[in-house]
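Here is how the chains run, residue by residue.
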Amino acid sequence: MAAVTIMSDKVVVCGGGGFIGGHLVADLRRQGKSVRAADVKPLSEWYQRFDDVENLQLDLDLRESCEEAVDGMAEIYNLAADMGGMGFIENNKALCMITVLINTHLLLAVKERKIDRYFYASSACVYNAEKQTSPDVVALREEDAYPALAEDGYGWEKLFSERMCRHFREDFGVPTRVARYHNVYGPFGTFEGGREKAPAAICRKVIQAKLSGSHEIEIWGDGHQTRSFMYIDDCVKGTQMIMHSDILEPINLGSSELVTINQLVDIVEQIAGVKLKRNYNLSAPKGVNGRNSDNTMIKRLLNWEPSIRLRDGLEKTYRWIYDQMSQRVPHAA
Ligand code: NAD
């Protein structure tokens, strides 16, 4: 079992206006921590915002903004990235790679300061694509990132930034921790506009079909691709456990409940109480054929793994997206 360290109460969440960052801020605040949140978006666009949190609009691509974000803070969570679902990352590789500036400038900013911990949010997109060619997956173990053949653009940036964390730890003594998130979903996240991921996109499409009465849905790929999806509460809990542990190398943080995209649609249809005609768009971005998280390491080191059932998490996600959408449509409810 990994050792757990108790640290100072001053915490900054970079990317605090985003989906995971917003939930982490909410949780840290509930614990009574002194929280600062930093994000490039105007405050009005943050998914969650709290008056008792120090909210800063900062472009963390810039070194001076990173200095301002970490100043006086003991724990730094780096969740800031220019990212989205497959539709975004396949078509915006350069934008994804420019995010390297955020991690680089944050690490440079903390290098000269005394901090307790630095957390970096990596991704399952670092894993070698050749290990993800079949829907019949063997779950990905941490060592499967090498030899490297990461997701082009986004995955390479994540892999590079992971290594930057490692070398800042080894060469400069910065106490870095890294988790590789596997598909995170939940309320207060992106569900439209092109950056959304599969669970939110499927919820939105099912709701649209239900509200419009069209009873048809478009699915990207043939629906046989497999994935696992981690509910946000597990993500927030696991992130803090990894942050406070002595786990030095990147570790999977994901659910191991594997489903096909068709099964994901089945569950959302059950929640919505509808059955829709499925139109498969085979030329849409669909990512790797199969991906799952091998949780052997996290179970061994933390005696814990994400365990919220997909059906339970989707129920909450669906209700939240439904509320957002139905408020816009007269007489929808
Ligand atoms: P998100 O897009 O909701 O949040 C990221 C936030 O970073 C956004 O609010 C964005 O405005 C902010 N940001 C982007 N560029 C910035 C800049 N230059 N300066 C300051 N802020 C900037 O995404 P998320 O789902 O909350 O993801 C959080 C982290 O977790 C990211 O690093 C992401 O790559 C990683 N991750 C997420 C998932 C997932 O399924 N959501 C999976 C793997 C990894």
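Engineer: For a nonpolar patch on the surface, give the residues involved together with the corresponding values.
Structural biologist: Among the surface-exposed residues, L95, I98 and L101 lie close enough to one another that they form a single nonpolar patch of about 220 Å² accessible area. Owing to a relative accessible area of 36%, L95 belongs among the partly exposed residues under this scheme.

Engineer: Could you give an account of the site of the ligand, with specific residues and numbers?
Structural biologist: Around the ligand, the surrounding shell holds 28 residues, and the nearest of these are I20, D39, L60, Y154 and V184. With respect to the ligand, the side chain of D59 contributes an N or O atom lying 2.9 Å from a nitrogen atom. Expressed as a share of its isolated accessible area of 820 Å², the protein-covered part of the ligand is 93%. Mapped by element, the contributors of at least two residues to the shell around the ligand are α1 (19-30), β5 (117-123) and α6 (154-172). Tallied by class, residues from the shell around the ligand come to 15 nonpolar, six polar and seven charged.

Engineer: Kindly report on α6, identifying the contributing residues and their values.
Structural biologist: Between the first and last C-alpha of α6 there are 26 Å, a value that for 19 residues agrees with the 27 Å anticipated at 1.5 Å per step. Looking at the buried positions of α6, the neighbouring elements they touch are α3 (86-89), α4 (93-98), α5 (100-111), β5 and β6 (176-181). Positive backbone phi, approximately 75°, marks G173, located one or two places after α6.

Engineer: Explain the pattern of salt bridges residue by residue, including any values.
Structural biologist: Counted under the stated rule, the structure contains 23 salt bridges. The closest approach of N and O atoms between E67 and R63, which form a salt bridge, is 2.9 Å. Pair noted here: E67 and R63 are both in helix α2 (residues 63-70), with a separation of four residues, about one helical turn. Under the relative-accessibility criterion, E67 is labelled partly exposed at 22%.

Engineer: Got a sec to walk through the environment of G223? Specific residues and values, please.
Structural biologist: For G223, the location among the structural elements is in the loop between β8 (216-220) and β9 (226-228). In this structure, G223 is in contact with T260, I261, N262 and Y280, ignoring residues within four places of it in sequence.

Engineer: I'd like a rundown of the packing of aromatic side chains, residues and numbers included.
Structural biologist: Per the counting criterion, the structure on display carries seven aromatic pairs. Centroid distance Y77 to F119: 5.7 Å. Interplanar angle 50°. Geometry classified as tilted. In this pair, Y77 is assigned in strand β4 (residues 75-78) and F119 in strand β5, connecting sequence segments 42 residues apart. Taken individually, Y77 and F119 each receive the classification buried, so the pair is uniform in this respect. Judged by centre distance (5.7 Å) and plane angle (90°), the rings of F191 and W320 are edge-to-face. Highlighted residues: F191 in the loop between β7 (184-185) and α7 (198-212) and W320 in helix α11 (residues 310-326), separated in sequence by 129 residues.

Engineer: Describe unusual backbone geometry, naming the residues involved and giving the relevant values.
Structural biologist: Cis geometry marks the peptide bond from Y146 to P147, where omega comes out at 0°. Within the element layout of this structure, P147 appears in the loop between β5 and α6. Unlike most non-glycine residues, F188 shows phi in positive territory, near 60°. For F188, the position within the fold is in the loop between β7 and α7. Overall, the relative accessible area of 32% leaves F188 in the partly exposed class. For H215, which is not a glycine, the phi torsion comes out positive at approximately 55°. You can see H215 is positioned in the loop between α7 and β8. For H215, a relative accessible area of 35% gives the class partly exposed.

Engineer: I'd love a proper account of the packing of α1 against helix α8 (residues 232-243), names of residues and values included.
Structural biologist: Between α1 and α8, whose axes approach to 10 Å, the crossing angle comes to 65°. Viewed along their axes, α1 and α8 adopt a mutual orientation that is roughly perpendicular. The two elements α1 and α8 cross, and the hand of that crossing is right-handed. Contact with α1, carried on its side by F19, I20, H23, L24, D27 and L28, involves I232, C235, V236 and Q240 of α8 and no other residues of that element. Partitioning the contact of α1 with α8 into residue classes produces seven nonpolar, two polar and one charged.

Engineer: Requested: an account of the sheet that holds β4, with residues and values cited.
Structural biologist: Spatially, β3-β2-β1-β4-β5-β6-β11 is the arrangement adopted by the seven strands of the open sheet, whose pairing is parallel. Each edge of the open sheet carries a strand with a single partner, namely β3 (54-57) and β11 (251-253). Across the sheet, the mean angle from the axis of one strand to that of its neighbour is 20°, orientation sign disregarded. Note that strand β2 (residues 34-39) and β3 share four bridges and pair parallel. Across the sheet, D39 pairs through a bridge with Q57, a residue of β3.

Engineer: Go over the nonpolar core with me, naming the residues and quoting the values.
Structural biologist: Core analysis: the biggest nonpolar cluster contains 62 residues, and F119, Y181, V206, L314 and Y318 have the highest contact counts within it. Counting contributing residues per domain, this core is built from domain 1 (10-185 + 229-253) and domain 2 (198-227 + 258-294 + 309-326), each supplying no fewer than three. With residues up to four places along the chain from it excluded, the contact list for L314 reads Y185, P199, C203, L264, I267, V268 and I271. Core analysis: the second largest hydrophobic core is formed by 25 residues, V70, Y118, M164 and C165 among them.

Basis of the calculations
Residues numbered from 1 in each chain as written. Predicted model: local features only at pLDDT ≥ 70, side-chain atom pairs only at ≥ 80, totals over all residues. Heavy atoms only, no water. Patch = residues over 30% accessible without salt bridge, like charges linked within 9 Å, V, L, I, M, F, W, Y side chains within 5 Å. Areas by Shrake-Rupley, 256 points an atom, 1.4 Å probe, with all protein chains shown as cover. Salt bridge = Lys/Arg side-chain N within 4 Å of Asp/Glu carboxyl O. Buried < 20%, exposed > 50% of the residue type's maximum accessible area, 1.4 Å probe, protein only. Near = heavy atom within 4 Å. Polar contact = N/O pair within 3.5 Å; in protein donor to acceptor, adjacent residues only side chain to side chain. Helix = DSSP H or I, 4+ residues; strand = E, 2+ residues; numbered from the N terminus. Nonpolar A, V, L, I, M, F, W, Y, C, P; charged D, E, K, R; others polar. Expected span 1.5 Å × (residues − 1). Contact = heavy atoms within 4.5 Å. Phe/Tyr/Trp six-rings, centres within 6.5 Å; stacked < 30°, edge-to-face > 60°. Axes fitted to C-alpha atoms, helices over the stretch in contact; angles between N-to-C directions. Parallel < 35°, antiparallel > 145°, perpendicular 65-115°, else oblique. Left-handed = near helix turned anticlockwise from the far one by under 90°. Pairing = 2+ DSSP bridges. Core = buried A, V, L, I, M, F, W, Y, C linked by side-chain atoms within 4.5 Å. Domains from an automatic or database assignment.

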